[in-house]
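Chain residues, written in single-letter form:
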Amino acid sequence: MYDVAIIGGGIAGCACAYRLARCRVRVILLEKENDICMGATRANSAIMHAGYDPHPGTLMAKLNVKGNAMSREICKKLHVSWKDTGSLVVALNDEDMDTLQDLLERGRENGVPGLELWDAAQVRAKEPNVTETAKGALWAPTAAIVNPWEFGLAMAEVAVQNGCELRRRFPVEKIEKTAEGYALSDGKDTVEARYVINAAGVYADRVNNLVAAPSFTVEPTVGEYYLLDKCEGNRVSTVIFQCPGKEGKGVLVAPTVHGNLIVGPNAVVRRDPDDTSDTAAGLAEVRQKAVRTVPGVDFRQNIRNFAGMRANSTVDDFIIDFAAAHFLNVAGIRSPGLTSAPAIADYAAELLAADGLDLTEKESYIDSREKVHFNRLSAAERKALIAHIIHDAASMQSQQVGGFAGIEADHRPYGTGISYLLSVLVDNGKITVGEETVDILHPCPDGKILVLVRHLVQFDSQPGKHPCIIILIQGCNAETAFRRMKSCTVQQMVAKHPHCEAAGEVHMKRFGHKLISTYLVIFTHCPCCSLL
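On a predicted model such as this, the values are computed, not experimentally measured, just so you know. (Residues numbered from 1 in each chain as written. Predicted model: local features only at pLDDT ≥ 70, side-chain atom pairs only at ≥ 80, totals over all residues. Heavy atoms only, no water.)

Some remarks on helix α8 (residues 337-354)
At A343, α8 shows its strongest bend, of approximately 35 degrees. The element α8 is extensively covered by neighbouring structure, given that 14 of its 18 residues are classed as buried. (Bend = angle between axes of the 7 residues up to and from the residue. Helix = DSSP H or I, 4+ residues; strand = E, 2+ residues; numbered from the N terminus. Buried < 20%, exposed > 50% of the residue type's maximum accessible area, 1.4 Å probe, protein only.)

See below:
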């Protein structure tokens, strides 16, 4: 029997798990997909909103501003990519200027710091590529850009390290009331918990209806995007918004934390919450609207189009309340849901505590996550790091795992969750690590590889540690290396991570069915990123 079962491993569910894992409660996070952050969290604008748009008095207004500050602190603490850019809401006519005045007053009432109304000269001085017809803009210095899926993964990873259990591929299809709480079933297995948090995103209304009478309907709303190459990454330095309307905040143009340029989204309601396909009409709409504010965007540099599904609902606010005894909805989490997530989790915890759940905090709690960005190190720093790790590897104990040698680090000098980079040579199809040799299936012709060794964390209820070696074949492109690794007999790679990290950055790959975010690969020649 768990104390709390969280349905949905998106940003809201991960934030709730992160918040509750520091308390003396048994928590389980249930996700229907093969991995967490596979819905709106991985396909969005990646913006941390300042908080001037929500209407005062709403939960969105309250939690947006608080969440902005909390997210900044958490991302810094957990080494999640974040950049303070500020944002400009650009006015193109006199009517827009009136809207900016309303937003300024609304933002100040919501407690957003530093808001200013700028004239056209100030806008052009800050962003020379903004249209010459701009009449002014609202400047919000607390807006920022972030890596959204890494944000969710980081909070989930820390939650698991503190005892939260994660069960993936568990779509909740049936919920029954029990004497002590609820029994949640996917048709095969059952999880029992005293309290349930429904953070099921676009499926939150369906989950609600398994327990209580319908009180809201999710209206899945797709947004389509352009992702442009890094040569367009400096087109603007801040997030450029259009004046908001009934369809949302309009089409934005913004840099990304990886140095690209993102343009979008539109807003189209679809019946199928899983239909995240792009359309020619939708992308044409995005392009047509974007050039109104930043006319010089070179769409010939587009490297990828994608679409994300937003969990808009018939309630014009976040839905965070009890639908039944001990059953808490965290639903309708649309924009600014990413920004608000930590504050949403705090608010949910307050409601649970008021309802009788003892949330006494643990005496010891891990609230850190280290990450080395290898591409950001100087040549000397890289050489020193590799030398240190090679020396460190000599004391590691080798053991057989699924036909490969797994090197387990009993101590992690760089902190929790760090991956160890090791430079080794291949000789006749074997890897030599210390005194151990390991067969590999596809040695690289030039004999050079990089190996990542990680002290793996158990992410499900099964006890034990699962060390493993991951191989990068140097000189091959990402797709070739991926196909080679996929043919390995250790475990078949489940899916390639849909987002590329920055040059030389770590690329996440998922192996097996019991672990998450634990196998990491660096590709030195990635067709998406133009790496080292």
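So that's the structure; there's more coming.
A look at helix α3 (residues 94-110)
Look at α3: 24 Å from first C-alpha to last across 17 residues, which is about the 24 Å you get at 1.5 Å a residue. Where α3 is buried, its residues contact α2 (59-77), β5 (87-91), β6 (116-119) and β7 (136-140). The N-terminus of α3 is capped by N93, whose side-chain oxygen sits 3.1 Å from the backbone nitrogen of E95. (Expected span 1.5 Å × (residues − 1). Contact = heavy atoms within 4.5 Å. Polar contact = N/O pair within 3.5 Å; in protein donor to acceptor, adjacent residues only side chain to side chain.)

Digging into the pattern of salt bridges
Inspection of the entire model under this criterion finds 20 salt bridges. For K289, the salt bridge goes to E285, with nearest N and O atoms at 2.9 Å. A residue pair is termed a helical-turn pair when its members lie 3 or 4 positions apart in one helix, as K289 and E285 do in helix α7 (residues 280-293) at 4 residues. Note on K289: relative accessible area 26%, which makes it partly exposed. R334 is paired through a salt bridge with D316; the nearest N and O atoms lie 2.9 Å apart. (Salt bridge = Lys/Arg side-chain N within 4 Å of Asp/Glu carboxyl O.)

Focus: the environment of G201
Relative to the elements of secondary structure, G201 occurs in the loop between β12 (190-198) and α6 (204-209). With 19 residues separating them in the primary sequence, G201 and P220 have C-alpha atoms 9.3 Å apart. Excluding residues within four positions of it along the chain, G201 makes contact with V218 and A311.

Here's the deal with unusual backbone geometry
For the peptide bond that leads from G264 to P265, omega is -5 degrees, which places it in the cis range. Residue placement: P265 occurs in the loop between β16 (261-264) and β17 (268-269). A cis amide bond, omega 15 degrees, links S335 with the succeeding residue P336. Considering the arrangement of structural elements, one finds P336 in the loop between β20 (327-331) and α8. Of note, C37 is a non-glycine position whose phi angle comes to about 60 degrees, a positive value. Tracing the sequence through the fold places C37 in the loop between β2 (27-30) and β3 (47-48). At A46, a residue that is not glycine, the phi angle is positive and equals roughly 60 degrees. Mapping A46 onto the fold places it in the loop between β2 and β3. With a relative accessible area of 15%, A46 lands in the buried category.

Brief notes about the sheet that holds strand β4 (residues 82-84)
In space, the 3 strands of this open sheet follow the order β3-β8-β4, with antiparallel pairing throughout. In this open sheet, the two edge strands, each paired with only one partner strand, are β3 and β4. (Pairing = 2+ DSSP bridges.)

A short note on the confidence of the model for the chain
Across the chain, the average pLDDT comes to 78, with 71% of residues at 70 or higher. Under a pLDDT of 50 for its full length, residues 392-532 has, in the predicted model, 321 contacts with residues more than four places off or in other chains. (pLDDT = per-residue confidence, 0-100.)

Description of the nonpolar core
Within the largest apolar cluster, 59 residues are counted, with the highest numbers of intra-cluster contacts made by I6, L20, F151, I197 and V330. Residue contacts for V330: discarding those within four places in its chain leaves A12, I197, N198, A199, I319, I320, I344 and A348. Counting 27 residues, the second largest nonpolar core, distinct from the first, contains I28, V172, F216 and A307. (Core = buried A, V, L, I, M, F, W, Y, C linked by side-chain atoms within 4.5 Å.)

Considering the environment of C23
In this fold, C23 is placed in the loop between α1 (11-20) and β2. Residue C23 is classed as buried on the basis of its relative accessible area, which comes to 0%. Along the chain, C23 and Y365 lie 342 residues apart, while their C-alpha atoms are 8.7 Å from each other. Those residues within four positions of C23 in sequence are excluded, and the remaining contacts are L359, T360, E361 and K362.

Some remarks on a negative patch on the surface
Judged by side-chain charge, E95, D98, D102 and E105 come together as a negatively charged surface patch. Structurally, D98 is set in helix α3. (Patch = residues over 30% accessible without salt bridge, like charges linked within 9 Å, V, L, I, M, F, W, Y side chains within 5 Å. Areas by Shrake-Rupley, 256 points an atom, 1.4 Å probe, with all protein chains shown as cover. Lys, Arg positive; Asp, Glu negative; His and termini not counted. Charge placed at Lys NZ, Arg CZ, Asp CG, Glu CD.)

Considerations on the pairing of β2
The side-chain alternation of β2 yields two buried faces, one formed by V27 and L29 and the other by I28 and L30. With 4 bridges connecting them, strand β1 (residues 2-7) and β2 associate as parallel partners. Its bridge partner lying in β2, I6 is registered against L29. Note that the unit made of β1, α1 and β2 has a crossover that is right-handed. One ladder, built from 3 bridges, connects β2 with strand β9 (residues 165-167); its direction is parallel. (Right-handed = clockwise from strand over helix to strand, strands pointing away.)

Comments concerning the packing of aromatic side chains
Scanning all chains against the criterion turns up 4 aromatic pairs. Taking NZ or CZ as reference, R26 lies 4.3 Å from the ring centre of Y2, over its face. Sitting above the plane of the Y182 ring, K177 keeps its charged end 5.1 Å from the centroid. (Phe/Tyr/Trp six-rings, centres within 6.5 Å; stacked < 30°, edge-to-face > 60°. Lys NZ or Arg CZ within 6 Å of the ring centre and 35° of its normal.)

Focus on the side chain of T293
Mapped onto the elements, T293 comes out in helix α7. A relative accessible area of 0% means that T293 is categorised as buried. A distance of 3.1 Å separates a polar side-chain atom of T293 from the backbone oxygen of A290. If sequence neighbours within four positions are ignored, T293 has contacts with V90, L92, N129, V130, T131, I240 and Q242.

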